[in-house]
Each structure stands twice: as C-alpha cells, then as structure tokens.
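Residue-level listing of the chains:
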Amino acid sequence: SIQVLKSSPKASSNNSPEAIAKSNVFIELELSKSKPYVGEQITAVYKLYFSQEIRSPELLENPSYTGFWHEEYDLGKNYPISEEYRNGKKFQVATLKKLVLIPQRSGKLPIASMDLEVPVAIPTNNRDFFGRRTSRMINVICSSGDKVLNVKALPKEGKPSNFSGAVGDFKFTTKLDRDSIQTNESANLSLRITGNGNLRMIELPTFDVPNDIEAYEPKYKESIQLKKIGLSGYKREEYLLIPRNKGSYKIGSVSFSYFNPRKKKYISIES
C-alpha cells in the first residue's frame with residue numbers, strides 16, 4: 001500500500017520540475033516604440049525563449065489589435081531561431097510572429113496577450129534501457145501579457161490645410177514626359193509618392209486639367225513591401241493627356257503634405 005501525503009513546501013519550490021520548466025520557457029512581445037503618433041507605424045515581434053528541449057507549441061489565444069491597422073511579415077514555414085543571453089543564461093529564441101501596427105486613433109490602445117501551451121522536456125534521474133537519462137514532458141502555459149500603447153495625437157500647430165493623414169518619410173514628384181506636342185497627340189503626366197510610412201492609407205493628390213485637354217482615367221500602380229523599417233515602396237498614377245486645340249496650356253501645381261514623426265513636424269512638397 002502507498003500512503004499519499006500533501007505536497008510539502010519543498011516539493012513546490014523552485015527546484016520542482018514545474019518551476020524549472022516555467023523558468024526556462026517564456027514569451028515576450030517587443031514593440032519598436034511605446035508612444036507612437038496616430039498613423040505612425042511600429043513593429044511588434046512575439047518571441048519564444050527556451051533553454052530546455054521543447055515540442056511544437058499550441059496557440060491558445062491569438063492577440064487582437066482593435067484600433068490598429070496591421071499587416072504580418074511572412075516568416076516562412078519554420079520559425080526563425082536565434083540565440084540570446086539573459087542574466088548570463090543562454091536561450092534559444094524563436095520568432096513566432098512579426099507585424100506592423102499603425103494606430104488609428106489617439107489614447108490608450110490595448111494589445112491583448114498571445115497565450116501558448118508549450119510542452120517542455122525536463123530531465124529526470126531515471127535511465128532508459130541504454131543508460132540514457134530520460135525526460136518528462138510538462139506543459140507550460142506562456143503568455144506575453146496585455147500591453148497598452150499610449151498613442152499621441154498629431155499636433156494641431158503647423159498642420160497644413162491639405163493634410164490627409166500621411167505619416168512617415170516621403171518624397172513627392174510629378175513628371176510631364178514632353179511639353180510640346182501636336183494637336184490630338186498625347187503626353188503623359190505622372191504623380192508619384194515614395195518612402196516609408198502608412199503607404200496603404202495614402203491617396204495621391206489630384207490636379208485640374210484645362211477644358212481643351214482631354215484626360216483619361218489614370219493608370220494606377222503601386223509596389224509596397226514589408227521591410228525591416230516597416231511598410232516601404234511607392235504609389236504612382238499616370239494620366240494620358242490629349243489636347244484638342246492649338247495653344248499653350250497651364251496645369252496648376254499640386255502639393256502633398258505629411259507628418260514626419262522623427263522630426264515631429266509637418267512637411268509640404270509642391271510639384
């Protein structure tokens with residue numbers, strides 16, 4: 001017969017298999033910035049740290065991003081693994097998820113936690129048939145914890161009248177491929193915004209075409225990619241212009257304004 005006793009304080013100490021497993025496996029959320037502006041992109045990275053052998057984690061709770069526009073990086077089929085030291089202890093680090101977050105309003109915006117169940121192999125004092133030390137699997141619940149971002153409103157001072165929400169670092173250019181043509185011939189006028197920031201939410205400005213010039217619907221093209229700094233690329237529109245009468249025509253200038261969070265000021269560019 002076996003008499004089963006209540007656990008003693010020593011049994012639940014830091015030396016218990018459960019305590020060892022929890023101290024050797026944890027998850028963290030790294031944010032590139034804790035106090036961004038509205039519309040400013042930041043990167044969020046979920047990392048799993050482990051110094052023991054583990055099995056494939058099971059996702060229990062996926063984080064939510066209410067109040068944010070977000071887009072995930074493609075990390076491939078296998079989690080990228082690196083090494084990192086914490087308090088002199090070496091950990092394997094698996095990048096579970098990486099994404100760009102762009103807050104859509106000011107104030108305190110919560111990011112719900114990511115929760116995982118991770119099977120951890122803890123060595124025991126037992127030996128197998130060949131004398132090798134056996135391990136015991138213990139399931140550990142890891143949580144990144146709830147986070148709160150303090151999002152700053154864009155300043156009212158110096159805000160241009162034509163500002164439409166572009167936040168980042170951009171260049172704006174216009175180009176007319178030729179300025180002397182025959183009647184009923186065509187010319188191309190293009191507008192292009194290049195840089196990094198909330199490119200997905202930016203609309204290209206429009207311009208007024210004189211009545212005697214026929215303008216077709218513009219051809220739109222974009223190339224936006226997730227890079228280390230976040231969203232980066234360009235947006236472009238190209239107009240086909242055909243004058244129906246002889247003469248000189250003036251197309252009015254076009255301006256584009258954006259807020260640069262690094263310089264903390266608005267910038268306007270005239271074509």
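Relevant structure appears above.
Right, let's walk through the structure included here.

About the thresholds
- Residues numbered from 1 in each chain as written.
- Predicted model: local features only at pLDDT ≥ 70, side-chain atom pairs only at ≥ 80, totals over all residues.
- Heavy atoms only, no water.
- Helix = DSSP H or I, 4+ residues; strand = E, 2+ residues; numbered from the N terminus.
- Phe/Tyr/Trp six-rings, centres within 6.5 Å; stacked < 30°, edge-to-face > 60°.
- Buried < 20%, exposed > 50% of the residue type's maximum accessible area, 1.4 Å probe, protein only.
- Lys NZ or Arg CZ within 6 Å of the ring centre and 35° of its normal.

**Topic: unusual backbone geometry**
Its identity as a non-glycine residue notwithstanding, asparagine 87 has a phi of 50°, on the positive side. Within the fold, asparagine 87 resides in the loop between strand E6 (81–86) and strand E7 (89–103). Phi at asparagine 184 takes a positive value of approximately 70°, unusual for a residue other than glycine. Structurally, the position occupied by asparagine 184 is in the loop between strand E12 (168–176) and strand E13 (187–197).

**Topic: the packing of aromatic side chains**
According to the stated counting rule, one finds 11 aromatic pairs in the structure shown. On the numbers, 4.6 Å between centres and 70° between planes, the contact of phenylalanine 207 with tyrosine 239 is edge-to-face. One end of the pair, phenylalanine 207, is in the loop between E13 and strand E14 (213–215); the other, tyrosine 239, is in strand E16 (residues 230–243), with 32 residues separating them in the sequence. Taking the relative accessible area as the measure of exposure, phenylalanine 207 reaches 12% and is therefore buried. Feature note: the residues Tyr37, Phe163, Phe259 and Tyr266 constitute an aromatic cluster, connected by ring pairs. Cation over ring: lysine 152 sits above tyrosine 37, and NZ or CZ is 4.3 Å from the ring centre. The ring of tyrosine 234 carries the charged tip of arginine 192 above its face, separated from the ring centre by 4.0 Å.

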